[in-house]
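# A look at the structure
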Amino acid sequence: MNVLVVGGGGREHALAWKISRSPYTEKIFCAPGNAGIADLAECADIPVTDIKALVQFAERNSIDLTVVGPELPLSLGLVDALTKRGLTAFGPTKKAAQVEGSKAYAKSLMVRFGIPTAAYKEFTKPDPASDYLMKAVYPCVIKADGLAEGKGVLICDSREQALDGLDRIMRRKDFGDAGKKLIVEEMLTGEEASVLALTDGEKIVLLPSAQDHKAVFEGDLGPNTGGMGAYAPAPVMTPQMLKTVRETVFVPMIQGMRSMGIPYRGVLYAGMMITPSGPKVLEFNCRFGDPETQAILPLVKTDLVDLMIECAEGRLKNESVELEAGSSVCVVMASGGYPGSYEKGKVIQGLGSIPADVRVFHAGTRMKDGKVVTAGGRVLGVTAAAESIGRAIEKAYQAVGRITFDGAYYRRDIGHRALKRKR
Ligand code: AMP
Ligand code: GLY
C-alpha cells in the first residue's frame, strides 16, 4: 500500500515509523513532514490546511490510506474530501471532528449521553457570562469554545482573574473566532491521564493509557506547552479504571454519535481527570495526542495499518490490541524560550550516536546545507521502552544527553508521578 501521513511533528514521525513496520506498507509519503520523517517517507511540501492540494496529491500518487495527524485538516473536512473521491482515510469527518473543534458541542454530547464530566455553563454573550462569574464558586475554569492551540483554557483562582479571562476571550478576542462562545466549568482535582481509542464508529480498541507533561518547567510549573514529554502506560489508569473509562466514556460516546447519525471513525482521545469520585472527561480530541503517541506506539504490537484500514472501512475485527510488556517514555527536547519566542536554524548534533533501541522522533526539524537544524518549538521526542518505567526513563535521558543544539531545553522530571507511585 501507499500510505500518506498528513502533518509534520513528532506524532507524525511516530506514526510513519509504526506504519513503516507494517508488511502492508510499500511506500510512505508525508505532507509536509520534517527532516526525520524524510528518512522513512517521501515528503511533499503541502500545508496541512490545503485540502484541495492534499486530495490531488493522494489521487496522483495512488494513495491507498491517508492518515491525518493534526486537528486542523480534520476540522476543515480533509477526510470528507478524500472519501468523496473514493479514497480511504483514517480520521473523523468534519462533523465528527467537532468534538474537538467546539468544547460546547463536546459538553452537550457528554450531557446527552450521561458521560462523567465537570458541571458547566455555556455563554454566547459577554454580559450574562460576566453576571454568572460575579456569583460563581472559585477556583473555576473558563474555556474558549473553539480551537486555540491549547491556550484557550484558563484556570481562575479569583473573580478578578475570571473577569479578565472573559474579557480576553470575548471582548478583546485574543483567540479570534474560537472565543465566540465560552464555557465556565467546575474545577476538577486529581491526576490527569490520556486514553486513546481507535474506532470504526461502532467497535472500540483502547490503546495503552498515557500521561502528558503540559507545563514547561519541572514540577509542572510555568505556562502550558503542547506537551514536554509523556509516558505509557500511566499507572494511575489501572486495568479496572480503564474498564470504567471504556464503559462510561467511550461506549456511550461512540454509540451515541452513531445513533445521532454522526458516526465517529478514527482515533478519539479522551483527556481524563481521575477525581476522588472517579474518572471524568476534561476534553475530547479528534486525533492522536502529541507527545503521547510517541510513547504509546512503541508498545503496540498489533499492525497499525491493518487497524487503521479496518477503522476507516467500518469493519474493526478485534476489540483489543496486542501489547509489548513494559513501559515507554518520550522526553521532548525544545528550543530555548518555547512556548514563548525562540530562535530556529540551530544545528542538531549527536543524532548519529543514539543506541539502536532508542527512537528519536523529529518534530520541528529541517535539513539545511546537509545538516539537521531546529525549525520549531518542540524539536525532538527522544523515546525509549524498557521492562520498567524507571529503566525506560534512564535510557531516554542517556540518549538526550548525547544530543546537543544551541539553547536546547528539556524537563528532567518526565515520568515523576509514575516513579513516585512506585516508591
Ligand atoms: P483541555 O484543553 O480542556 O484539556 O484543558 C487543558 C488543561 O486544562 C487540562 O489538561 C487540565 O490540566 C486543565 N483543565 C481543563 N479543564 C479543567 C477542569 N474542569 N478542572 C481542572 N483542570 C482543568
Ligand atoms: N499532548 C496533548 C495533546 O495532544 O492534546
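In this report, we go over the structure that sits alongside the text. The structure displayed is predicted, hence computed values, not measured ones.

## So, the overall build of the chain
For the chain, the count of helices and strands is 13 helices and 23 strands. For 423 residues, the compact-globule formula gives about 22 Å, and the C-alpha radius of gyration of the chain, at 21 Å, lands near that figure. For the chain, the C-alpha atoms occupy an extent of roughly 60 × 45 × 45 Å along the three principal directions. Residues counted as buried form 56% of the 423 residues belonging to the chain. A separation threshold of at least 6 residues defines the contact pool for the chain, and within that pool the share at least 24 residues apart is 68%. As displayed, the chain offers around 17700 Å² of accessible surface, 49% of which is attributable to carbon and sulfur atoms.

## Points about the site of ligand 2
Looking at ligand 2, the residues that line it are Asp 212, Gly 226, Tyr 269, Asn 285, Arg 287, Gly 289, Asp 290, Pro 291 and Glu 292. For ligand 2, an oxygen atom lies 3.3 Å from a polar atom in the side chain of Asn 285. For ligand 2, whose free accessible area comes to 200 Å², the fraction covered by protein is 90%. A per-class count over the shell around ligand 2 returns 2 nonpolar, 3 polar and 4 charged.

## Side note on the sheet that holds strand β6 (residues 120-123)
On the basis of which strands lie adjacent, the open sheet formed by 4 strands has the order β6-β9-β7-β8 and antiparallel pairing. Only two strands of the sheet have a single partner each, and these edge strands are β6 and β8 (153-156). Sheet twist, expressed as the average angle between the axes of neighbouring strands with direction ignored, equals 20 degrees. Examined bridge by bridge, β6 and strand β9 (residues 182-186) share 4 bridges and lie antiparallel to one another. For Glu 122, the partnering residue across the bridge sits in β9 and is Ile 183.

## A closer look at the site of ligand 1
Taken together, 15 residues surround ligand 1, and among them Glu 185, Leu 188, Glu 192, Lys 214 and Glu 283 come closest. Lys 143 is positioned such that a nitrogen or oxygen atom in its side chain is 3.0 Å from a nitrogen atom of ligand 1. Note that a nitrogen atom of ligand 1 is positioned 2.8 Å from one of the backbone N or O atoms of Leu 188. Protein chains shield 91% of the accessible area of ligand 1, which is 470 Å² for the free molecule. Of all elements in the fold, only β7 (140-144), β8, β9 and β17 (278-285) reach the threshold of two or more residues within the shell around ligand 1.

## Comments concerning the nonpolar core
Grouped together as the largest cluster of nonpolar side chains are 52 residues, with contacts concentrated most on Val 99, Val 249, Phe 250, Met 253, Met 257, Met 272 and Phe 284. The element best represented in this core is helix α9 (residues 239-259), accounting for 7 residues. Membership of the second largest hydrophobic core comes to 40 residues, among which are Val 5, Leu 207, Leu 299 and Leu 316.

## Overview of the packing of aromatic side chains
Inspection of the entire model under this criterion finds 7 aromatic pairs. Seen from their ring centres, Phe 123 and Tyr 132 are 5.4 Å apart, and the 50 degrees between their planes marks the pair as tilted. Look at Phe 123 and you get buried, because its relative accessible area is 8%. On the basis of relative accessibility, which here comes to 31%, the residue Tyr 132 falls in the partly exposed class. Above the ring of Tyr 269, the side-chain terminus of Arg 287 is found at 6.0 Å from the ring centroid.

## Quick notes on α9
A rise of 1.5 Å per residue sets the reference length of α9, with its 21 residues, at 30 Å; its end C-alpha atoms lie 28 Å apart and thus fit the reference within 8%. For α9, the principal kink sits at Arg 246 and spans about 35 degrees. Residues of α9 that are buried make contact with α5 (98-101), α6 (103-113), β10 (191-199), β11 (204-206), β16 (266-275) and β17. Of the residues flanking the end of α9, it is Gly 261, one or two places downstream, whose phi is positive at about 80 degrees.

## Let's talk about a nonpolar patch on the surface
Taken together, Leu 72, Leu 76 and Leu 147 make up a surface patch of nonpolar side chains, about 220 Å² in accessible area. Positionally, Leu 147 belongs in the loop between β7 and β8.

## Overview of unusual backbone geometry
Omega for the bond connecting Tyr 138 with Pro 139 falls within 30 degrees of zero, at 0 degrees, which places this linkage in the cis form. For Asp 220, which is not glycine, the phi torsion reads 60 degrees and is therefore positive. Structurally, Asp 220 is set in the loop between β13 (215-217) and β14 (221-224).

Conventions used here
Residues numbered from 1 in each chain as written. Chains lettered and ligands numbered in written order. Predicted model: local features only at pLDDT ≥ 70, side-chain atom pairs only at ≥ 80, totals over all residues. Heavy atoms only, no water. Helix = DSSP H or I, 4+ residues; strand = E, 2+ residues; numbered from the N terminus. Rg over C-alpha atoms; globule rule 2.2 N^0.38 Å. Buried < 20%, exposed > 50% of the residue type's maximum accessible area, 1.4 Å probe, protein only. Contact = heavy atoms within 4.5 Å. Areas by Shrake-Rupley, 256 points an atom, 1.4 Å probe, with all protein chains shown as cover. Near = heavy atom within 4 Å. Polar contact = N/O pair within 3.5 Å; in protein donor to acceptor, adjacent residues only side chain to side chain. Nonpolar A, V, L, I, M, F, W, Y, C, P; charged D, E, K, R; others polar. Pairing = 2+ DSSP bridges. Axes fitted to C-alpha atoms, helices over the stretch in contact; angles between N-to-C directions. Core = buried A, V, L, I, M, F, W, Y, C linked by side-chain atoms within 4.5 Å. Phe/Tyr/Trp six-rings, centres within 6.5 Å; stacked < 30°, edge-to-face > 60°. Lys NZ or Arg CZ within 6 Å of the ring centre and 35° of its normal. Expected span 1.5 Å × (residues − 1). Bend = angle between axes of the 7 residues up to and from the residue. Patch = residues over 30% accessible without salt bridge, like charges linked within 9 Å, V, L, I, M, F, W, Y side chains within 5 Å. Salt bridge = Lys/Arg side-chain N within 4 Å of Asp/Glu carboxyl O.

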